[in-house]
Protein chains: 2
Amino acid sequence: MTDAFSAALLSANEAFYDAFDTADLDAMSAIWASNHAVVCLHPGALPIFGREAVLRSWVEILSAPQRPAIECVDAQAIAFHQSGMVICREVLPGGSLAATNVFVREGGVWRIVHHQAGPLSGLR
Amino acid sequence: MTDAFSAALLSANEAFYDAFDTADLDAMSAIWASNHAVVCLHPGALPIFGREAVLRSWVEILSAPQRPAIECVDAQAIAFHQSGMVICREVLPGGSLAATNVFVREGGVWRIVHHQAGPLSGLR
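Draft legend 1. Structural view of the interface of chain A and chain B. The interface is formed by 32 residues belonging to chain A together with 32 residues belonging to chain B. Between chain A and chain B, roughly 2,400 Å² of surface is buried when both sides are summed, and carbon and sulfur atoms account for 75% of that area. When the buried area of chain A at its contact with chain B is split by residue, Gly44(A), Phe80(A) and Gln116(A) rank highest and sum to 19% of it. Counting the contacts that link chain A with chain B gives 0 salt bridges.

Rendered as structure tokens:
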């Protein structure tokens, strides 16, 4: 796939982490797909299926008073036809997580359909 | 997407876990995509990029004398256009992992392009 595809995926991925980092619920809602099934695998937790339940989980996370700062590093995009994914590392005060973010194109815009983050051992 | 798409995805996912469970390196090699970039996120480890490096990691895992038995449960398929994913739980003797497996169609066959597994808390 083209560099333009990868750049667009990385930009959508950045929008996701910006929404997380600034606790912007409207932006978080906008970045998640509306016309596709969505799933979210928060660290250590069972999968959450469906847009409504996934967004509820983000309301809870982004409303927490002790919400940690988050930085996305080492992002690598892989684009397919009308979907793609970004593999990256999430740097939090307590350590790093490895993350997979899967995107689809909806109305010409890349939106997220799946997020999984899990702990990295021995890397801080 | 159709039920047939989902069934084919679940069947490809099963082939992946069968290859894992029987330590069948030929089957593991056949299930990973050849014409797409591939990534693998083993639990706690940094991402491994590229078919050769990913398959090397599986040789190591499947050759280990203390390789654990693995069972895939609660598999849910989500199909897009020429790609799709399966979210499932991997049950091992020591506990459960949450897993994401992303597939693409290559020559009419679903092959895996990405695997991430990470620990589940409090679920055994």
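Draft legend 2. Layout of the relation of the copies chain A and chain B. Of the two same-sequence chains, chain A is brought onto chain B (RMSD 0.0 Å, axial shift 0.0 Å) by a rotation of 180 degrees. Seen this way, the second copy is the image of the first under a two-fold rotation axis. No C-alpha of chain A approaches the rotation axis more nearly than that of Gly118(A), which lies at 2.6 Å. Both copies contact each other with a shared surface, as 100% of the interface residues of chain A are interface residues in chain B too.

Draft legend 3. Local environment of the sheet that holds strand S2 (residues 48-49) of chain B. Residues and elements named next belong to chain B. If you trace the 6 strands from one edge of the open sheet to the other, you get S2-S1-S6-S5-S4-S3, paired in mixed fashion. The sheet is open, and its two borders are formed by S2 and strand S3 (71-79), each paired with just one other strand. In this structure, strand S5 (residues 95-106) lies alongside strand S6 (residues 109-119), joined through 10 bridges in antiparallel fashion. Looking at S6, one finds that Asn-101 is bridged to His-115.

Criteria and thresholds
Residues numbered from 1 in each chain as written. Chains lettered and ligands numbered in written order. Predicted model: local features only at pLDDT ≥ 70, side-chain atom pairs only at ≥ 80, totals over all residues. Heavy atoms only, no water. Contact = heavy atoms within 4.5 Å. Buried area = accessible area lost by both parts, 1.4 Å probe. Salt bridge = Lys/Arg side-chain N within 4 Å of Asp/Glu carboxyl O. Least-squares fit on C-alpha atoms with pLDDT ≥ 70 in both. Pairing = 2+ DSSP bridges. Helix = DSSP H or I, 4+ residues; strand = E, 2+ residues; numbered from the N terminus.

Honestly, that's just the spatial picture; any functional story needs more than this.
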